[in-house]
Amino acid sequence: MARDARIDPARLRFRCRRGMRELDLMLVPFAERALDGLDARERGAFAELLEAEDAVLLGWLLGREEPEDRDVAAIVERIRHAAGS
Amino acid sequence: MRPERRRFDALVIGAGGGGLRAALQLANAEATVAVVSKVFPTRSHTVAAQGGVNASLANVLPDNWHWHMFDTIKGSDYLGDQDAIEYMCRAAPKAVYELEHFGVPFSRLENGRIYQRAFGGQSQHFGGEQAARTCAAADRTGHAILHSLYQQNIRARTHFFDEHFALDLLRDESGRVLGALVFDIATGESVVIEAKVTLLATGGAAQVYRTNTNALINTGDGMAMALRAGVPLQDMEFVQFHPTGIAGKGMLITEGVRGEGGYLVNGEGERFMERYAPNARDLASRDVVSRAIVTEIREGRGCGPRRDHVLLKLDHLGEALINRRLPAIRETARTFVNADPVRDPIPVFPTAHYTMGGIPTNRHGQVVAPTADAPEEPVEGLYAVGECACVSVHGANRLGGNSLLDIVVFGRAAANHMIDYLAEHRYHRPLPEAAVEGPRARLDRWDEARGEASVPELRRELQRTMEEYAGVFREQESLDEGVARVRAIREQLELAAIGDHSRVFNTARVEALELVNLADVALAVVTSAAARRESRGAHSRVDHPDRDDARWLKHSLFSLAEGMDYKPVRIKPLTVDSFPPKERTY
């Protein structure tokens, strides 16, 4: 069976590297710790999150705004929770 | 398998503001342009620039380009080249109007003109009252510039190689640059990109330090490519530290916090800036505050269990004011250190922010290197702009708002010179097969299993070494030790291995190649710093505390083969009188 390239963990891990340090420091450790434990639906939400522009992503991850998609919002909450600990 | 070959008139490596401004100019002139970017272009580090872009529009307070020129030269501690600075300051208003035309939504005054805010180091009448020179698109100026330029490039049919990593420049026997070898991160396949002209626009390298404000991608790739091609790096000892980075994490807490009345305290609860700068106190210039923080920590008055940071207090400002004026700071502190500034102080430490030095160029963006006959001979076919370059407009210390200006002004200037060059060089020169072999071997080497040294561990060791031995305060003995340690890390790196040899999105391989680049750049920084026996701008020597114009008003040049060399500062502007060195006081 062909792998679903969109949620390939290697691709997701690489795309955690962004243009802002704040995003790197939240996304890269999250991918290292949690990516392997995400199911296909959660990985899809994470892939969608990574498609967002850096400025939008920063707004979500600092808690200033919330993504409309509930699955993406759930991933944002997990990343935010991990960042402060 | 032989790598795929592609041909373009112009190759731009790096898709931040400098690279995209140049690419747009080239594409609009009907050149075929390839842009290589290791991340999606709109995720380049320009996106993080919040402050704004300087131009003497005089929309809020009186201003002119000549005052801007004076401030930039003084800010550079007289190490900036005055011809390039005059060119940039004269070009600034036009550059801003061009950005507006490209779609950047600058903040407005009620009369419809572009709003301009006051920043440190800006003056009227050559050092008089505060000026207001910085144009901004809210707090998203870099984001707006990057997106506008990207959209314009798509319209102009620039060809993007997204998520491609540039390994090395390709050169013929005479040293002409004929393109680059890159590889596609998604597939692991390498591609030879042949070009008549090549522009490096790969950004800065503050990732050489443990505590820094930069994105992970800022690893000085273009600088290291230049070094490996035999081009020296200029003024690499000058790295700007921002005094208030979040301790251990590095991200920036804006000066605006202290502007609103926030202040620093040491482990004894003392407002120590009163001792270092009795008048300006917490609002003294960046280098003064950074040195004061590090002095407190070195003398045992730091905070926390390891006494390795100081605290920035703003709880006395009240929740209403913090929410109104500093909402992003509150969000950042809550997210990263679980501290709500309404109640808790923020732990801070100086953080490496900007690389003033880089690949030496003239004001047309042509890369220049010394030869037996001349100190500045152009390297045929090679250009550089932005933080990876040293043109040199920032000299020993950059002013806020001048880096976005640098990238748009010199991105455009370099492209114009490249267009003229293309008109005179209509055909691709033959690329010798041998030119590809060295760069190819540098990539393949990571597919072999070697020793035990781990790439992430060596990266951490390099960053710690640079922070300890070539940080805010420098002295001969520790700098010499730093040079030896960085050399040792480079040797260990030759024996390092990665565990993952897969082809598809192999982040470990990218990080290994980046570390090789970082280590070369770190060697340039620490060696140049050990050699410069004076204090100037961001380079602060405990053992040589004063500026020494008689011996050191000159640019440093570091090359891998020959170590240190020097060349004169270009003191003569284009049309006006020179600004001679004076004591720099604020």
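Residues numbered from 1 in each chain as written. Chains lettered and ligands numbered in written order. Predicted model: local features only at pLDDT ≥ 70, side-chain atom pairs only at ≥ 80, totals over all residues. Heavy atoms only, no water.

(A) Examining the domain arrangement of chain B more closely. Residues and elements named next belong to chain B. Per the domain assignment, the segments of chain B are domain 1 (242–350) and domain 2 (436–554). A separation of 29 Å is found between the C-alpha centroids of domain 1 and domain 2. Facing the eight residues of domain 1 at the interface are six residues of domain 2. In this assembly, domain 1 packs against domain 2 so that about 560 Å² is buried in total across both faces, 66% of it on carbon and sulfur atoms. In this structure, the connection of domain 1 to domain 2 is made through one salt bridge. Where domain 1 meets domain 2, there are one residue pair in polar contact (both at pLDDT 80 or more). Sorting the residues of the side of domain 1 that touches domain 2 by element identifies α8 (286–298) and β14 (346–355) as the ones contributing at least two each. It is α8 that contributes the most residues to the side of domain 1 that touches domain 2, six residues altogether. Its residues placed into classes, the side of domain 1 that touches domain 2 shows three nonpolar, two polar and three charged. (Domains from an automatic or database assignment. Contact = heavy atoms within 4.5 Å. Buried area = accessible area lost by both parts, 1.4 Å probe. Salt bridge = Lys/Arg side-chain N within 4 Å of Asp/Glu carboxyl O. Polar contact = N/O pair within 3.5 Å; in protein donor to acceptor, adjacent residues only side chain to side chain. Helix = DSSP H or I, 4+ residues; strand = E, 2+ residues; numbered from the N terminus. Nonpolar A, V, L, I, M, F, W, Y, C, P; charged D, E, K, R; others polar.)

(B) Summary view of the sheet that holds strand β3 (residues 53–54) of chain B. All names here are of chain B. On the basis of which strands lie adjacent, the open sheet formed by three strands has the order β3-β5-β4 and antiparallel pairing. Pairing within the sheet leaves two strands with one partner each, and these edge strands are β3 and β4 (116–117). Both β3 and strand β5 (residues 134–135) contribute to a ladder of two bridges, which runs antiparallel. Residue pairing in the sheet places Asn 54 in a bridge with Thr 134 of β5. (Pairing = 2+ DSSP bridges.)

(C) Quick look at the pattern of salt bridges. All names here are of chain B. Taken as a whole and assessed by the stated rule, the structure comprises 58 salt bridges over all chains. Put simply, Glu 237 and Arg 532 hold a salt bridge, and the shortest N to O gap is 2.6 Å. In this pair, Glu 237 is assigned in the loop between β10 (233–234) and β11 (239–246) and Arg 532 in the loop between α15 (507–531) and α16 (549–552), connecting sequence segments 295 residues apart. In this structure, Glu 475 and Arg 298 form a salt bridge, with 3.7 Å as the shortest nitrogen-oxygen distance.

(D) Molecular detail of the interface of chain B and chain A. The partner chain A presents 29 residues to the 38 residues of chain B that form the contact. Between chain B and chain A the total buried area reaches about 2,800 Å² when both faces are included, carbon and sulfur atoms providing 54% of it. For the chain B face of the interface with chain A, the top three residues by lost area are B:Arg43, B:Thr335 and B:Phe505, together amounting to 24%. At the boundary of chain B with chain A, the tally comes to four salt bridges.

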